[in-house]
Every structure is written in structure tokens, then in C-alpha cells.
Amino acid sequence: MSKALPKRSEDYSLWYNELVKRAGLAENSGVRGCMVIKPYGFAIWEKMQRVLDDMFKKTGHSNAYFPLFIPKSMFEAEEKNAEGFAKECAVVTHYRLQTDPENAGKLRVDPEAKLEEELVVRPTSEAIIWSTYKGWIQSYRDLPLLINQWANVVRWEMRTRLFLRTAEFLWQEGHTAHATAEEAVAETVQMLNVYADFAENFLALPVVKGVKTPNERFAGALDTYCIEGLMQDGKALQAGTSHFLGQNFAQAFDVKFTNKEGKQEYVWGTSWGVSTRLMGALVMAHSDDEGLVLPPKLAPIQVVFVPIFRKDEELAQISETVGKLKEKLEAKGISVKYDDRDTERPGFKFAEWELKGVPVRVAIGPRDLENGTAEVARRDTKEKQSMQLEGLENTIENLLNDIQENIYNKALQFRQENTVKVDSYEDFKRVLDEKPGFVLAHWDGTPETEERIKEETKATIRCIALDTPEENGVDMVTGKPSSRRVYFARAY
RNA sequence: CGGGGUGUAGCGUAGCCCGGUAUCGCGCCACAUUUGGGAUGUGGAGGUCGUAGGUUCGAAUCCUGCCACCCCGACCA
């Protein structure tokens, strides 16, 4: 294995795969399309979970857990949704194995143990959840019902990539029921805003909030809202979705409530989710040719100390100083790692912690102890600076905030530089090939035009941004009138 | 799921065309010297050649099935 990572500029895809593996985030498993999330990667996911979970709780949601298996008849109840996922469902047909009489030491599926009704492994949980809600909701007093679950789901993808698209992935799915359409829409938008807040303030990833076109909408939803981020290679990545389900699932599962006037009505629903795909977004948004660059707010280790020493006595002295600093930092809620391994040399450690994206590295050697200083290096800019040990915990705390802000600003600047308005189809194609990113163009609002553009350029409408101003124009392909620009991009 | 490619020690690989029991580098273990940006030397350990069959006196090598991974398409968070 060569020491250096592949370069982003030479092979972005290879760089991504290698980085995910070498930084210890995840690896491929012996199961097609399924990955093993390794401890360091899972630690980041756990931080994401904690932050998001708090946000869900603050907005009034409770966690629950629903089954992995969904009877086929239940799954197919909401037709559009079922059709949308049909092609990628794993299905359980048997419940027992037996020793194979023709093949010693091997097992085979017991042909006698066929299930009367096949079980679909959830690709999403609307069906099982709405069939349950039917029993939970009778009156307007039971509403709103605000539930979230953290779970794994399975979508039998043909082509998979670590974190970005795997056959099994982890996510959260919120499922809410409301008395009115207005309230459900408000919930949908509220959760979109929660996701955007998370993306920008924790992932340090600026996102465009918008609505999907009917083509890109979640099967079974009336409206799909999304946040879209731009990766360093100019491709867009959908980082979260929030759906207004209307009464589709309520009707399919007969979920009604009695309103204040004593009349029966179907409830209004929403669902919203983010997945381990966010890990891919995190990697692709900020990292460089030396490795991960983690935003301090999600880094499992925020500060790493590396001692520089020759003799045991030196190490002992340094350890004493580091120990005190570590306590002060931890008192501030900062996570610290002291890498006092004597089996690796400092240069090796520097490279390793850079690969793992630790935001701040502090090197302390005998010279520093004499001078009362430490060498502080920040991962995002690679700047190194000698700083006073006195009060270093405050300096580092500020530095972490600076880094969080800086990588957000860097990503924002990148997005601004790679978001362009075009008015002709020629320009559109040229921009996609020469300087890929978000392309703002007029669209006539028809699925046909959208489809044609997708076929010809591989670019899709990522969303109709919520904050796009009205602007009269004409569709770049058909010349038909358009009242606003939409976001196009090639996407993950 | 269609087309192409790959699978040899923990990782990366040579060998395969043309069959004779596996090469090199990194890593690992021990010791010594080292330690402010991925150390050096010496010695050592480690392999069902993805897997199951077949052909053959003999298979990493030839043939077939299966599994996994990568690239390109179709599909998708």
C-alpha cells in the first residue's frame, strides 16, 4: 500500500473509496452491497445521531421501533409507494434451513418451510407504521402523532458505493400524523429546516432547500422537500428529504379520526429521513488529498496530542503537562486523544491523524516544555503555530470554532463559485462538462423536458429552491415560458 | 440486471498466454540504533492462489458453475 492517497484531481472516485477505507470509516463486507461501518466511522455516525435526535426531541418527537419485516399485502396497500420500491425489495419466502441430504455439511432452504405470505424487508416503513397508526388514532385528541425511528432498511441496489449507496443502510425515519393539511405541511417544512440547520451548522455543508419535481418525488408523497449539497467534484448530493404525504397513506390504511365536530376524517401525514449517506457527504464536502477534514462538531476526536521525546524521562514530563491540559479541555466538553504510543514516530502519527481528520493537533517536545509552548496545527488549513501553554485550552476552544466556521465558509465559497446561471442549452451542456456544479436554468415545468435533459446530459433537476425569486424567462430547450429558474446538476 | 475487468500472506502485486507447488514491496514479530513530518539495519513468522467442480501423472496457470469487488450503462437516498 502506498503511503499517499490517490489525488482528487486524478481520480475522485478512487480517492473517495480509498479514503473511506484507510481512514477507518468503513469497508466492504462479504455480503453484496453491504458494508461494515468501523468504529471510527460509527463514532461519527453516533455524533450525528445524538445531535439529530436532540433536535427531533426538541421539536416534540418521540422514538419508537417498528418491525423489519412487512407482510407483502400490507406493503402493497399504498400502490404508488409499493410500485416505486418494488424493484429493489428483498423478500423473505422461507423460515427454516435444513441439512442438505445431497451435500454433507451444507445447509439448504427447507422446501417445506415456505411462508404462507412473503415478508418484504423494509425499504422504508410507511406501510407498517401507518397500519399501526390506525390503531393509535381515533380522535383529534390523539393528534398530532409525532414519531421517529432509528433503523436499518434494505434497498437492493444494483450498484453500490460505501455510504453513498449501499444495499443496507442506517437512517432515521420520522412519521407524523396531523389533523389538517396545513399542519402536516408545516411539519414537513419544519423538519426540512431541521435538516438544513444540521447540515450547515454541524456538517458545515451549505445546502439548497427546495422542492422536488414530480419526477423526483417520493413515491406516495404529494410533495417532496429536500436539501441538496454540492460535493467537491461538482456533483450534487441529496442529503435529506421531507415528504408531505397528504392523505395517501391514511386512505390506504384507513387511518381516520373524529374531529371536533364529530365527523370522521382521514389524517394528514409526513415522513422525513436522513441516512448514513450523510457520512459520504461529510467526506466529499471537506476532505483533501491528505485525508479527512472533519468539522469539529462531529469529530470523534477533536484534539490529538503528540509527544516528541527521546527518553522516558522526557515522555514522563510531557505526559504530566498533557494530562493537565487534557483535563482542562475535557472540562470544556472537548474530546481529546493523547497519542503516547512509543511504537510509532511523530511523523507517522502526524500523517495518521491527518488521514483521520482530527481538527487540531498539538505537538509537545522538550523544547516546548522549556519555553512553555506547544506546536498547534489545524487540519483544515495545515497551519502550524507555536502557542503559549498558559491558557491553551481557551485558544484551542476558539480554534475549534474557527475551524468549524472556516470549513463551512470554504464549502460555501466553493458552491457559490460553482453555481451558474445559463440561458441556452449549449451553455448548459458546456458548463456541465467544463465546470460542473449547480446550474440555474429556466424550465417549462413539464416532465418531458426534464426527462429529455436528463437523457441528453445526465443532469437532473435537483430541486426548485424555496428562496428562488420569480423571474420571467423561457425554457432553454423548448422556449416555452418559465416563471423561475431551477437547480440542475449531475448527482450522486 | 446487461457489457467489460479483477480476485495470489493483513495491504498492494509478479507469475497465468506457453501446467511442474509461488515473486517483490509495504505491513507484522524480535533485537539494536532512532524519534520536532510517514526511520534504518539484521534476523524471523505468515499462503486452502476467492469458492465448488472438471480436465491432467501433475492446476495459481486450462474449462465450467457460484461468490465478491471495480469500471461503464439502466435503476436509485
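The shown structure was predicted, so the numbers you read here are calculated from the model rather than taken from an experiment.

**Concerning the packing of aromatic side chains**
For the coordinates displayed, the defined rule picks out 17 aromatic pairs. Taking the centre distance of 5.7 Å and the plane angle of 35° together, the rings of Y133 and W136 count as tilted. Placement of the pair is Y133 and W136 together in helix 5 (residues 126-136), with a separation of three residues, close to one helical turn. Among the aromatic side chains, those forming a connected cluster through ring pairs are W45, F56, W150, Y195 and W272. Directly above the ring of F202 sits K297, whose terminal nitrogen or CZ lies 5.0 Å from the centroid. Between the NZ or CZ atom of K356 and the centre of the ring of Y40, over which it lies, the distance is 4.3 Å.

**A short note on a negative patch on the surface**
Together, D312, E313, D340 and D342 give the surface a local cluster of negative charge. A relative accessible area of 53% means that E313 is categorised as exposed.

**Let's talk about the packing of helix 1 (residues 12-22) against helix 8 (residues 277-286)**
Where helix 1 contacts helix 8, the axes come no closer than 11 Å and their chain directions differ by 120°. By the angle class used here, helix 1 and helix 8 are oblique. Helix-helix and strand crossings are classified by hand; for helix 1 and helix 8 the assignment is right-handed. Across the interface between the two elements, Y12, W15, Y16 and L19 from helix 1 touch G280, V283 and M284 from helix 8.

**Some thoughts on the sheet that holds strand 19 (residues 360-364)**
In space, the five strands of this open sheet follow the order 18-17-19-20-21, with mixed pairing throughout. Lying at the two open borders of the sheet, with one neighbouring strand each, are strand 18 (336-338) and strand 21 (384-388). Taken over all neighbouring pairs, the strand axes of this sheet differ in orientation by 25° on average, direction set aside. Note: strand 17 (residues 303-307) against strand 19, five bridges, orientation parallel. Following the sheet pairing, V306 is matched in strand 19 by A363. Of the strands in this sheet, strand 17, strand 18 and strand 19 touch helix 9 (residues 312-331), which is tilted by about 170° from strand 18. Packing against the sheet, helix 10 (residues 346-355) makes contact with strand 17, strand 18 and strand 19, and its axis sits at approximately 170° to strand 17.

**Concerning the packing of helix 2 (residues 39-58) against helix 6 (residues 181-201)**
Contact pair helix 2 / helix 6: the axes reach a minimum separation of 11 Å and the direction vectors enclose 145°. Two packed elements cross with a definite hand, and for helix 2 against helix 6 that hand is right-handed. Across from M48, V51, L52, M55 and F56 in helix 2, the residues of helix 6 making contact are M191, V194, Y195, D197 and F198. Looking at the contact of helix 2 with helix 6, its residues break down into nine nonpolar, no polar and one charged.

**With respect to the UniProt feature "coiled-coil region" (unreviewed entry) in chain A**
In the numbering used here, UniProt assigns the "coiled-coil region" (unreviewed entry) feature to residues 382-409. A helix fraction of 64% and a strand fraction of 18% characterise residues 382-409, whose end C-alpha atoms lie 16 Å from each other.

**Observations concerning the nonpolar core**
If you look at soluble globular proteins, the nonpolar side chains tend to sit buried side by side. Among the nonpolar cores identified, the biggest contains 61 residues, and L25, M48, L52, F198, L203 and M231 are the most heavily contacted of them. Counting residues per element, this core draws most heavily on helix 2, at eight residues. Residue contributions to this core reach at least three from each of two domains, namely domain 1 (12-69 + 123-286) and domain 2 (299-414). Not counting residues up to four positions away in its chain, the partners in contact with M231 are Y12, L205, L237, A281, M284, A285, F414 and Y492.

Calculation criteria
Residues numbered from 1 in each chain as written. Chains lettered and ligands numbered in written order. Predicted model: local features only at pLDDT ≥ 70, side-chain atom pairs only at ≥ 80, totals over all residues. Heavy atoms only, no water. Phe/Tyr/Trp six-rings, centres within 6.5 Å; stacked < 30°, edge-to-face > 60°. Helix = DSSP H or I, 4+ residues; strand = E, 2+ residues; numbered from the N terminus. Lys NZ or Arg CZ within 6 Å of the ring centre and 35° of its normal. Patch = residues over 30% accessible without salt bridge, like charges linked within 9 Å, V, L, I, M, F, W, Y side chains within 5 Å. Areas by Shrake-Rupley, 256 points an atom, 1.4 Å probe, with all protein chains shown as cover. Salt bridge = Lys/Arg side-chain N within 4 Å of Asp/Glu carboxyl O. Lys, Arg positive; Asp, Glu negative; His and termini not counted. Charge placed at Lys NZ, Arg CZ, Asp CG, Glu CD. Buried < 20%, exposed > 50% of the residue type's maximum accessible area, 1.4 Å probe, protein only. Axes fitted to C-alpha atoms, helices over the stretch in contact; angles between N-to-C directions. Parallel < 35°, antiparallel > 145°, perpendicular 65-115°, else oblique. Left-handed = near helix turned anticlockwise from the far one by under 90°. Contact = heavy atoms within 4.5 Å. Pairing = 2+ DSSP bridges. Nonpolar A, V, L, I, M, F, W, Y, C, P; charged D, E, K, R; others polar. UniProt positions renumbered as here; feature names shortened; annotations may be inferred. Core = buried A, V, L, I, M, F, W, Y, C linked by side-chain atoms within 4.5 Å. Domains from an automatic or database assignment.

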